[in-house]
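Summary of the model geometry
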Amino acid sequence: ALDLTRRCHGKEIEEVATCHEEMAIICREQVKAIIKLLWMHMEHMLTNSIRLYHSPGSRVLVEGLQIQQQFNGIEGIVVEMDALRMRVRLDTLDNKKLMLKPEN
């Protein structure tokens, strides 16, 4: 397309096209930076929302486990948190601890 434009309109169009290409590169870099900031913001919001509902010491009911289904329906206490999961000490004879997603 750029070659055809050059043939039809000359060098001035080539300079405009070069400018447009440079602007497109700058815009792509800005989009990448914005996406990175959005992911950081989403992770921050998710971490804070988990802490609002499931802070250490909170009692929880385990639900929705697919692999370790034997723990569904058992209550426990949140003992620690990381960015996306919480460690729960279950109300079992051996005080089993599980790392769970907030939705479980």
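Predicted, not measured: the structure shown is a model, and the values here were computed from it. (Residues numbered from 1 in each chain as written. Predicted model: local features only at pLDDT ≥ 70, side-chain atom pairs only at ≥ 80, totals over all residues. Heavy atoms only, no water.)

1. Brief notes about the overall build of the protein chain
Going by this rule: Each helix is a run of DSSP H or I of at least 4 residues and each strand a run of E of at least 2, with the numbering of both proceeding from the N terminus. Residues count as neighbours in contact if any of their non-hydrogen atoms are within 4.5 Å of one another. Under the convention used here, a 1.4 Å probe and the Shrake-Rupley method define accessible areas, while residue burial counts only the protein chains that appear.
In terms of helices and strands, the protein chain carries two helices and four strands. Mapped in sequence order, the helices and strands of the protein chain form the string α-α-β-β-β-β. Sequence-distant contacts in the protein chain: of pairs separated by 6 or more residues, those separated by 24 or more amount to 28%. With the model as given, the accessible surface of the protein chain reaches about 8,100 Å², and the carbon-plus-sulfur share is 58%.

2. A word on unusual backbone geometry
Despite not being glycine, Asn 95 shows a phi value in the positive range, around 50°. Within the secondary structure, Asn 95 is located in the loop between strand S3 (86-90) and strand S4 (97-100).

3. So, the nonpolar core
Our working rule: Nine residue types can take part in a nonpolar core, namely buried Ala, Val, Leu, Ile, Met, Phe, Trp, Tyr and Cys, and a core is a set of them joined through side-chain atoms within 4.5 Å. Here the term buried applies to any residue with accessible area under 20% of the maximum for its type, exposed to any over 50%, and partly exposed to those in between, with areas from a 1.4 Å probe on protein chains only.
Counting residues in each nonpolar core, the largest one holds 12 residues, listed as Val 60, Val 62, Leu 65, Phe 71, Ile 74, Val 78, Met 81, Met 86, Val 88, Leu 90, Leu 98 and Leu 100. Contributing elements (two or more residues each) for this core: strand S2 (75-81), S3 and S4. Element by element, the count of residues in this core is highest for S3, at three residues. In this view, Val 78 contacts His 54, Ser 55, Pro 56, Gly 57, Ser 58, Val 60, Met 86, Arg 87 and Val 88; residues no more than four positions away in its chain are not counted.

4. Considering the sheet that holds S3
Applied cut-off: Here, a strand pair is defined by DSSP locating no fewer than two bridges between the strands. Lines fitted to the C-alpha atoms define the axes, with helices restricted to the stretch that makes contact. Angles between their N-to-C directions range from 0 to 180 degrees.
One open sheet holds the four strands; their spatial order is S1-S2-S3-S4, and the pairing between them is antiparallel. Each having just a single partner strand, strand S1 (59-61) and S4 make up the two edges of the open sheet. Averaged over all pairs of adjacent strands, the angle between their axes in this sheet comes to 45°, without regard to strand direction. Relative to S4, S3 runs antiparallel, the two sharing four bridges. Bridge pairing links Arg 87 to Met 99 in S4.

It is worth stressing that arrangement in space is one thing and function is another; only the former is reported here.
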